[in-house]
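Report on the structure
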Amino acid sequence: MKVSVIITYHGEQAFLSDCLISLKEQTVKPDEIILVNIDGQEADLTACDLEIKSVTCSENNIYQARNMGIKAAEGDYILFLDADDYLMPEAIALLNDEIEKEGPANLVAKVRQTWYSRKFFMDKIAEEEEESDQDEEDSEENPEEEIHEVTGKVFQDADTRRLFGGTKSDMQNISILGILFNLENLKKQEIYFPEDMEYFGDGVFLAKVLNSKFKFNYLHDDLVYIKRKHNDPVNLPSLLQCKDKWKFMEFSLAFKEVVGVMDQETKDSYLRFFAYKYIKYVNRNFLEELAQGKDDEAKGNGIGDRTTKPYKKKEAVAFMLEAVKLIPDSPEFKSMTSGYYYKIYRLLKDENLSKALKLHINTNRKNVLKQLLTKRSKLKRFLYKKFFAKMKLQENLVMLESFFGKNYSDSPKYIFEYLNEKHPGEYKYVWVRSTRKLDLPYKAKQVKRFSLRYFYAMARAKYFVFNGRQPVYFIKRKGMKFLETWHGTPLKKLVFDMDDVTTASPLYKRDFYIQASKWDYLVAPNAFSRDIFSHAFMYNGDYLETGYPRNDIFYLSDQEKEKRIREIKDELGIDQNKKVILYAPTWRDDEFYGHAQYKFTLRLDLDRLREKFGQEYVIVLRTHYFIADQLDVSAYEGFAYDASRYDDIARLYLISDILITDYSSVFFDYANLRRPMLFFTYDLEKYESVLRGFYFDVKEELPGPMLFDNDEIIDAIENIDQVSEEYKDKYDRFLDKFCSWEDGTATQEAVEVVFEGKALSPKK
């Protein structure tokens, strides 16, 4: 048996290498690989040593491309493989074995969806509990829980459930991916994809194959096909993520074509499954569109927006009603759609669109009311959107947040204090806190994050000073000014520069794009950061090229700095005569308990450090605010201090004589003090190759030695003067590149622009 793999490529170069590597590493190689380049998108195959037959499809149409692949294929069977997907290592072998054992058939394999690259997926698959197959995945268009209960029995048979994309998804999720098709049957029956479609050619193709009566077998136990979901719907949306009103038209036309290609026997066996999916799609998407009363030309938020063909609402309604009339009101269909969906179907079949819309709206309202009464978070967001956001702005109200309310710190702290000193009584302030009450030096209301008072303040404040992202549902009202100070010079790749998002928020890029679009000003500490923020955040707003307000403390007079150092040491209970080593590691993307809850294992040998340096030094430990683990240093009283919950890390920098860090951006700020730094990079190889990577060559540019074990750490501390002299030239170059904008006036300049209306300074 010969297998031809048909890959359709439409510019997914970032994903294609995973796809091809998965073919290269098959235990049984495919007999033929056909790569169809769509719309002139030529794939870069220079790093690939596979024998690939390239075909060019001049049109921007995946279905025409697949048809070209079918016509070019010479195997006995074909497997379609999208360029953003990949196969398990034994995929072809398993498919081969099953066909040889059971005889000729179309073979439906197990498909699993993931957000991650092949390497990350394969490294984790043995550790993770097996996720549900594709048949249990929600539609990406509707990630929320199902709001309409279906009481009938839907897709009882597991094989049929898999073939039609599962019980939770609608018409959009019917897919031919992961199915090995008998090529002789396709060509004999002249089965091809409809080339006049953009979105639902899979469903029509499947209907044609079902009508051919060529049997389907199912591979039950072994995972074969990995469907990679797109984590960047802004720049590279999948067809499922595309927001195109033509979908409403096409899905009705496609359903009519599905009915048209089936004979009566096939309709009796399969039409109800297509019909159920169609009714579900109509309700979730088209009726919702009509209920919202949007114009034909209404636009979305720019994420995945596209227009393939002209769309007219009246015409779409007519097509939909014609399609619904083709659904036979059989007992089997009634059983599948009993309850809400069946009522919608009956009303539309009788052309009673107004009653169907009324039922849809009332059902939604009941479900929304139920959620408002049972979920306080839903109620607060409802009040925020419907009532608070329509109240008059408070012109002198400033809302501030640092690290999601975890502490009183960072640039928002220094802007708050400067405003109170220079504009006393002029503004009112709201500080966001997460749990504990913040210790503030000036009068301000404190609101717990996501409390009702939080939403009220977020709706009415004119000014916002945050060092992290605001909620994605934040409503940017006319007259509001949003100052985003951010919280570090980037070393690790950020947002849109990341291939994988290995956190618990796979749609991080989509959310970040929405959030950054609402910022008026973004603080840049240096030209390097400004340039990276522009592409990593896709930020096109104004920059404050000032350095970070939080770093102004490093440019106080020597006398004032000495005074503060004494105060901070007293505050922490540190002997005034002891030198301080600050250890400030970052978090690891792939080690987490949940969203923004990361694991951490202390690799420093505190016993050896105390034995060697306890008479001269103390060590202060400061983990990233994302890290959930608590450090227990009770056995090292008087030597080790856990300051992970200390509000202001800039004050810890100020008392430190040596900094030990890794891939945290803390060293960019600490460099302003011109004190020695050591880099404890014990997992460099893993971090560099598996995780996010870096924006520059750390081996060349770090202003201190990279150390890989405790022996090297101890030796460097013992010889710290020699280390400083060795890295002096590199340190000077580092300062010029990353700290040249810092001069102690960043806070003043930010306030002058945002609050006093001063024009932006010319670009540096």
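Residues numbered from 1 in each chain as written. Predicted model: local features only at pLDDT ≥ 70, side-chain atom pairs only at ≥ 80, totals over all residues. Heavy atoms only, no water.

**Focus: the overall build of the chain**
Across its full length, the chain holds 28 helices and 23 strands. Compactness check: the chain gives a C-alpha radius of gyration of 30 Å against a globular reference of 27 Å for 764 residues, within 12% of the reference. The principal-axis extents of the C-alpha atoms in the chain amount to approximately 90 × 60 × 50 Å. Looking at the 764 residues of the chain, the share that counts as buried comes to 59%. Nonlocal contacts in the chain, meaning residues at least 24 apart in sequence, comprise 74% of its contacts between residues at least 6 apart. If the 113 positive side-chain charges of the chain are averaged to one point and the 130 negative ones to another, these points end up 9 Å apart. (Helix = DSSP H or I, 4+ residues; strand = E, 2+ residues; numbered from the N terminus. Rg over C-alpha atoms; globule rule 2.2 N^0.38 Å. Buried < 20%, exposed > 50% of the residue type's maximum accessible area, 1.4 Å probe, protein only. Contact = heavy atoms within 4.5 Å. Lys, Arg positive; Asp, Glu negative; His and termini not counted. Charge placed at Lys NZ, Arg CZ, Asp CG, Glu CD.)

**A few points about the pattern of salt bridges**
Applying the stated rule across the entire model yields 38 salt bridges. Here Asp-711 makes a salt bridge to Arg-608, at a shortest N to O gap of 2.7 Å. With Asp-711 in helix H25 (residues 710–718) and Arg-608 in helix H20 (residues 606–613), this residue pair connects regions lying 103 residues apart in the sequence. The class for Asp-711 is partly exposed, based on a relative accessible area of 47%. Connected through shared salt-bridge partners, Arg-66, Asp-82, Asp-85, Asp-202 and Lys-227 make up one network. (Salt bridge = Lys/Arg side-chain N within 4 Å of Asp/Glu carboxyl O.)

**Description of the pairing of strand S6 (residues 106–114)**
For S6, the buried fraction is high: nine of the nine residues fall into the buried class. Relative to strand S8 (residues 216–228), S6 runs parallel, the two sharing eight bridges. Residue pairing across strands places Thr-114 opposite Arg-228, the latter belonging to S8. (Pairing = 2+ DSSP bridges.)

**Topic: the confidence of the model for the chain**
Residues shown with low pLDDT carry predicted positions that ought not to be read at fine detail. Mean pLDDT for the chain: 89, with 91% of residues reaching 70 or above. Between residues 129–152, whose pLDDT stays under 50, and residues either more than four places distant or in other chains, the model counts 68 contacts. (pLDDT = per-residue confidence, 0-100.)

**With respect to helix H13 (residues 353–374)**
Compared with the 32 Å implied by 1.5 Å per residue over 22 residues, the 31 Å span of H13 between its first and last C-alpha is a close match. What H13 keeps buried is the set Leu-353, Ala-356, Leu-357, His-360, Thr-363, Asn-364, Asn-367 and Leu-372. Turning to H13, the residues buried within the fold contact helix H9 (264–292), helix H10 (313–325), helix H12 (340–349) and helix H14 (376–386). (Expected span 1.5 Å × (residues − 1).)

**Here we look at the packing of aromatic side chains**
Using the criterion set out here, one finds 67 aromatic pairs in the structure. Between Phe-382 and Phe-387 the ring centres are 6.3 Å apart and the planes differ by 70 degrees, which places this aromatic pair in the edge-to-face class. Accessibility expressed as a relative area gives 30% for Phe-382, which makes it partly exposed. Ring plane angle 85 degrees and centroid distance 6.1 Å describe the contact between Trp-519 and Phe-537, whose orientation is recorded as edge-to-face. With Trp-519 in the loop between helix H17 (508–516) and strand S14 (521–524) and Phe-537 in the loop between helix H18 (527–536) and strand S15 (542–545), the pair connects residues that are 18 residues apart, well separated along the chain. With a relative accessible area of 4%, Trp-519 lands in the buried category. Among the aromatic residues, those joined into a cluster by ring pairs are Trp-486, Tyr-508, Phe-512, Trp-519, Phe-533, Phe-537, Tyr-539 and Tyr-543. A cation sits over an aromatic face here: Lys-247 above Tyr-199, 5.1 Å from the ring centre. Here the basic side chain of Arg-550 rests over the ring of Tyr-548, its NZ or CZ set 4.7 Å away from the ring centre. (Phe/Tyr/Trp six-rings, centres within 6.5 Å; stacked < 30°, edge-to-face > 60°. Lys NZ or Arg CZ within 6 Å of the ring centre and 35° of its normal.)

**Details of the sheet that holds strand S20 (residues 640–642)**
The strands that make up a sheet pair up through hydrogen bonds in the backbone, lying either parallel or antiparallel. Spatial strand order, S20-S19-S16-S21-S22-S23: six strands in an open sheet with parallel pairing. Strands at the two margins of the open sheet, each flanked by one partner only, are S20 and strand S23 (706–707). Summarising the sheet, strand S16 (residues 579–584) and strand S21 (residues 658–661) pair through four bridges and their orientation is parallel. Directly across from Tyr-583, in S21, lies its bridge partner Ile-660.

**A short note on the environment of Leu-507**
You can see Leu-507 is positioned in the loop between strand S13 (481–484) and H17. Taking the relative accessible area as the measure of exposure, Leu-507 reaches 18% and is therefore buried. Residues Leu-507 and Asp-232 lie 275 residues apart in sequence; the distance between their C-alpha atoms is 7.2 Å.

**Let's talk about the sheet that holds strand S5 (residues 86–87)**
Strand order in this open sheet of eight strands is S3-S2-S1-S4-S7-S6-S8-S5, and the pairing throughout is mixed. Every interior strand has two partners, whereas the edge strands, strand S3 (53–57) and S5, have only one. Sheet analysis places S5 next to S8, joined by two bridges and oriented antiparallel. Counterpart to Tyr-86 in the pairing with S8 is Ile-226.

**Quick look at the side chain of Lys-518**
As for its placement among the helices and strands, Lys-518 is situated in the loop between H17 and S14. Here Lys-518 sits buried without a salt bridge, and the closest side chain of opposite charge, Asp-511, lies 10 Å off (N-O distance). Those residues in contact with Lys-518, other than ones at most four positions away along the chain, are Gln-470, Val-472, Phe-474, Lys-476 and Phe-482.

**A few points about helix H27 (residues 728–738)**
Because the α-helix completes a turn every 3.6 residues, residues three or four places apart line up on one side. Along H27, the positions that sit buried rather than exposed are Lys-730, Tyr-731, Phe-734, Leu-735 and Phe-738. Buried residues of H27, seen end-on, are gathered within an arc of 140 degrees and therefore sit on one face of the element. Opposite the buried face of H27, at more than 90 degrees from it, the exposed residues are Asp-729, Arg-733 and Asp-736. Against H18, helix H22 (666–670), strand S22 (677–680) and helix H24 (698–701) lie the buried residues of H27. (Arc of directions from axis to C-beta.)

**Re the packing of H12 against H13**
For any two helices packed against each other, the geometry comes down to the angle between their axes and how far apart the axes lie. Contact pair H12 / H13: the axes reach a minimum separation of 8 Å and the direction vectors enclose 160 degrees. On the basis of the axis angle, H12 is roughly antiparallel to H13. Note that H12 runs across H13; the crossing there is left-handed. Residues Tyr-340, Lys-343, Ile-344, Leu-347 and Leu-348 of H12 lie in contact with H13, whose contacting residues are Leu-353, Lys-355, Ala-356, Leu-359, His-360 and Thr-363. Taken together, the residues that form the contact of H12 with H13 break down as seven nonpolar, two polar and two charged. (Axes fitted to C-alpha atoms, helices over the stretch in contact; angles between N-to-C directions. Parallel < 35°, antiparallel > 145°, perpendicular 65-115°, else oblique. Left-handed = near helix turned anticlockwise from the far one by under 90°. Nonpolar A, V, L, I, M, F, W, Y, C, P; charged D, E, K, R; others polar.)

**Quick word on a nonpolar patch on the surface**
Taken together, the side chains of Leu-379, Phe-382 and Phe-387 define a hydrophobic patch exposed on the protein surface, amounting to about 250 Å² of accessible area. In this fold, Leu-379 is placed in helix H14. (Patch = residues over 30% accessible without salt bridge, like charges linked within 9 Å, V, L, I, M, F, W, Y side chains within 5 Å. Areas by Shrake-Rupley, 256 points an atom, 1.4 Å probe, with all protein chains shown as cover.)

**Observations regarding unusual backbone geometry**
Excluding glycine, most residues fall at negative phi; most peptide bonds, likewise, are trans. The backbone phi angle of Glu-351 is positive, close to 60 degrees, even though this residue is not glycine. Structurally, Glu-351 can be placed in the loop between H12 and H13. Even without being glycine, Arg-674 reaches a positive phi, approximately 60 degrees. Take Arg-674: it is sitting in the loop between H22 and S22. With a relative accessible area of 53%, Arg-674 lands in the exposed category.

**Some thoughts on the nonpolar core**
With 110 residues, the main nonpolar core has Met-399, Phe-464, Phe-537, Tyr-653, Phe-667 and Phe-755 as its most contacted residues. In terms of residue count, the dominant contributor to this core is helix H21 (residues 649–655) (six residues). Beyond its immediate sequence surroundings of up to four residues, Phe-537 is in contact with Trp-486, Leu-494, Val-495, Phe-496, Phe-512, Ala-516, Trp-519, Leu-522 and Ile-532. (Core = buried A, V, L, I, M, F, W, Y, C linked by side-chain atoms within 4.5 Å.)

**Remarks on a positive patch on the surface**
Taken together, the side chains of Lys-378, Arg-381, Lys-385, Lys-386 and Lys-390 define a basic patch exposed on the protein surface. Here Lys-378 lies in helix H14. Here Lys-378 falls in the partly exposed class, since its relative accessible area comes to 35%.

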